[in-house]
Amino acid sequence: MSSTFFSTGTPEPGTPIYTRYDSPSWHEFEEAVAALEGTPVPGVLFGSGMAAIAATLSLVPPGGRVVLPRTAYNTTLALTDSLTQEKRIQVRHVDITDALEVTPSLSGASMLWIESPTNPLLEIADLSALVNAARTRGVLVVADNTFATPLGQQPFDFGVDIVVHSATKYLSGHSDVVLGIALAANDLLRSRLTSYRSTHGAIASAMDAWLALRGLRTLGVRVERSQLNALDLARQLQDDPRIAWVRHPSLADDPGHSLASRQMMGYGSIISFAPHGGQHVADAIVERTRLWVPATSLGGVESMLERRRRHLHEPDTVPEDLIRLSVGIESVVDLWADLDQALDVVQ
Ligand SMILES: *Cc1c(COP(=O)(O)O)cnc(C)c1O
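Below you will find a few notes about this structure. Bear in mind the structure is a predicted one, so any value in this text is a computation, not a measurement. (Residues numbered from 1 in each chain as written. Predicted model: local features only at pLDDT ≥ 70, side-chain atom pairs only at ≥ 80, totals over all residues. Heavy atoms only, no water.)

**Things to note about the site of the ligand**
Here is step 1: Around the ligand, the structure places 14 residues, and the nearest of them are M50, D144, S166, T168 and K169.
Here is step 2: Between the ligand and the protein, one listed contact pairs an oxygen atom with a backbone N or O atom of G49 at 2.9 Å.
Here is step 3: Side-chain polar atom of S166 to an oxygen atom of the ligand: 2.8 Å apart, as the coordinates give it.
Here is step 4: Contact with the protein chains removes 91% of the 380 Å² of surface that the ligand exposes when unbound.
Here is step 5: Residues that form the shell around the ligand fall into these classes: 6 nonpolar, 6 polar and 2 charged. (Near = heavy atom within 4 Å. Polar contact = N/O pair within 3.5 Å; in protein donor to acceptor, adjacent residues only side chain to side chain. Areas by Shrake-Rupley, 256 points an atom, 1.4 Å probe, with all protein chains shown as cover. Nonpolar A, V, L, I, M, F, W, Y, C, P; charged D, E, K, R; others polar.)

Structure (C-alpha cells):
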C-alpha cells in the first residue's frame, strides 16, 4: 500500500522508489496477464481501460492516421474524435469485418485499431488478413481483447504489437474495480507505455491490483461457465418469436461465425439482440428483469443487460432497440426463466 520506499542516492533501475513510477503491487497481475496473452514482456497496468487506450494512442506520431472500426467501443470513438478535433491525430473509420475496405486505408497510416468481437455489435475482424496487411505497410497493430479475453483469443499469435484490455471486465470479473492493462510484444513498446503512465499519472491503486489478481484466479472457470450459458441463451433467443434478431458468433448463421470458429477458442459470453416492437419495448424488458442486473459494464459474475442507445454518446451505428446481454455464471435455467418472463412485454 505504500506510496514511497526507503531509498538513498541514485536509484538502481527496477528498485521501487515512488508508486507513480512503479509499484511492486502491480507486478503479479502484469506478469499473469502477459503469460495468459503469450507475450514475454509484462503488461502495463493502468487506472482504467481508457487510460490504457489513451496511453496506446499516444504512440501515434503527431498528425498520424489511426484506422479504427466504425463500431468500436463508444469511449474509444469519443477519445479518437477529440484527438482528431485537436489535430493531434487523423482517424479513418472502417468496416472492420471487410478486410478489402480496411487494406487500402492502411497505406500511410500509423496505427490499426482492431476490436473483435466489437462492442456491442459482435462483429468479427479477420485478424490474420488485417495484421498481414498492416505489417507489410509498417503499421502498428493494436487489438482490444476485452470481449474475447486471453482464453478466447490470442492476438499476439497473429502478430499484433499491443493488446489492451478493460480489466474492469472479465479479467477482474467481479464488477468491483475499474482497471486497464496494455500488453506489448517487446520491451521498447512497453517502456513507452510505462513512461506515459508515469508522466500522466494514469496509475492503479495497490488494492485494486490485488482485487484484480484475486479475480484473475477464477478467469478459467468463469469464462467456461459464462460461455456455456451464452451458447444456450443465444439458441433460445434465436428460436423465440418475440425476438427480431440476435447476434452471437456461436450461431451458425451469424455473419462472424466461420471466422470466429477459425480464430477464437470460444465465442464469448456477450449476446446482442433486439425484441420485436422497438426501443420502448426494449426498455420495458430491461426494467422487468429481476435476476439480470440492469446496468452498464460487462464481464462480471452476475448477468447484466442494458439498451445501449440509452447512452447519448453511443454511436448511431448501434440500433436503438439493441439490448446487450453480459452473461454471467448463474444457473442458465434461472437466467432463461427471468428473460422469458421479461420478454412477455413483447405483444
Ligand atoms: C469497457 C471497455 C473499455 C473501457 O474500459 P474502462 O475500464 O471502462 O475504462 C474499452 N474497450 C472495451 C471493449 C470495453 O468494453
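**Some thoughts on helix α7 (residues 206-216)**
Here is step 1: The set of residues buried in α7 consists of A206, A209, L211, A212, L213, G215 and L216.
Here is step 2: Elements in contact with the buried residues of α7: α1 (24-37), β1 (44-46) and α8 (219-238). (Buried < 20%, exposed > 50% of the residue type's maximum accessible area, 1.4 Å probe, protein only. Helix = DSSP H or I, 4+ residues; strand = E, 2+ residues; numbered from the N terminus. Contact = heavy atoms within 4.5 Å.)

**Regarding the environment of G215**
Here is step 1: In this structure, G215 sits in helix α7.
Here is step 2: In this structure, the C-alpha to C-alpha distance between G215 and H174, residues 41 residues apart in sequence, is 6.9 Å.
Here is step 3: Apart from the residues within four sequence positions on either side, G215 is in contact with L171, S172, H174 and R222.

**Section: the sheet that holds strand β5 (residues 140-144)**
Here is step 1: Strand order in this open sheet of 7 strands is β1-β7-β6-β5-β4-β2-β3, and the pairing throughout is mixed. This sheet does not close on itself; its edge strands, each paired only once, are β1 and β3 (90-94). The mean inter-strand angle of the sheet, taken between neighbouring strand axes irrespective of direction, is 20°.
Here is step 2: As paired elements, strand β4 (residues 111-115) and β5 share 5 bridges and run parallel to each other. Counterpart to W113 in the pairing with β5 is V142.
Here is step 3: Contacts from helix α5 (residues 127-136) reach β4 and β5, with the element oriented near 170° to β4.
Here is step 4: Lying on the sheet, helix α6 (residues 187-200) is in contact with β1, β5, β6 (162-166) and β7 (180-184); it crosses β1 at an angle near 25°. (Pairing = 2+ DSSP bridges. Axes fitted to C-alpha atoms, helices over the stretch in contact; angles between N-to-C directions.)

**Remarks on the nonpolar core**
If you look at soluble globular proteins, the nonpolar side chains tend to sit buried side by side.
Here is step 1: Of all hydrophobic cores here, the largest spans 44 residues; its most connected members are F29, L45, V102, L106, L112, I114 and L171.
Here is step 2: Broken down by secondary-structure element, the contributors of at least two residues to this core are α1, β4, α5, β5, β7, α7 and α8.
Here is step 3: Excluding residues that lie within four positions of it along the chain, F29 makes contacts with L45, A167, L171, I181, A209, A212, L213 and L216.
Here is step 4: M50, A54, A182 and L193 belong to the second-largest nonpolar core, a separate cluster that totals 28 residues. (Core = buried A, V, L, I, M, F, W, Y, C linked by side-chain atoms within 4.5 Å.)

**Notes on the sheet that holds strand β12 (residues 323-326)**
Here is step 1: Taken in spatial order, the 5 strands line up as β8-β9-β12-β11-β10 in an open sheet, and their pairing is mixed. Looking at strand neighbours, the two that pair on one side only are β8 (243-247) and β10 (293-294), the edges of this open sheet.
Here is step 2: As paired elements, β10 and strand β11 (residues 304-307) share 2 bridges and run parallel to each other. Bridge pairing links P294 to L305 in β11.
Here is step 3: Sitting on the sheet, helix α10 (residues 279-288) touches β9 (270-275), β10, β11 and β12, and the angle it makes with β11 is about 155°.

**Some remarks on the environment of G256**
Here is step 1: By the secondary structure assignment, G256 is in the loop between β8 and α9 (257-263).
Here is step 2: For G256, a relative accessible area of 4% corresponds to the buried category.

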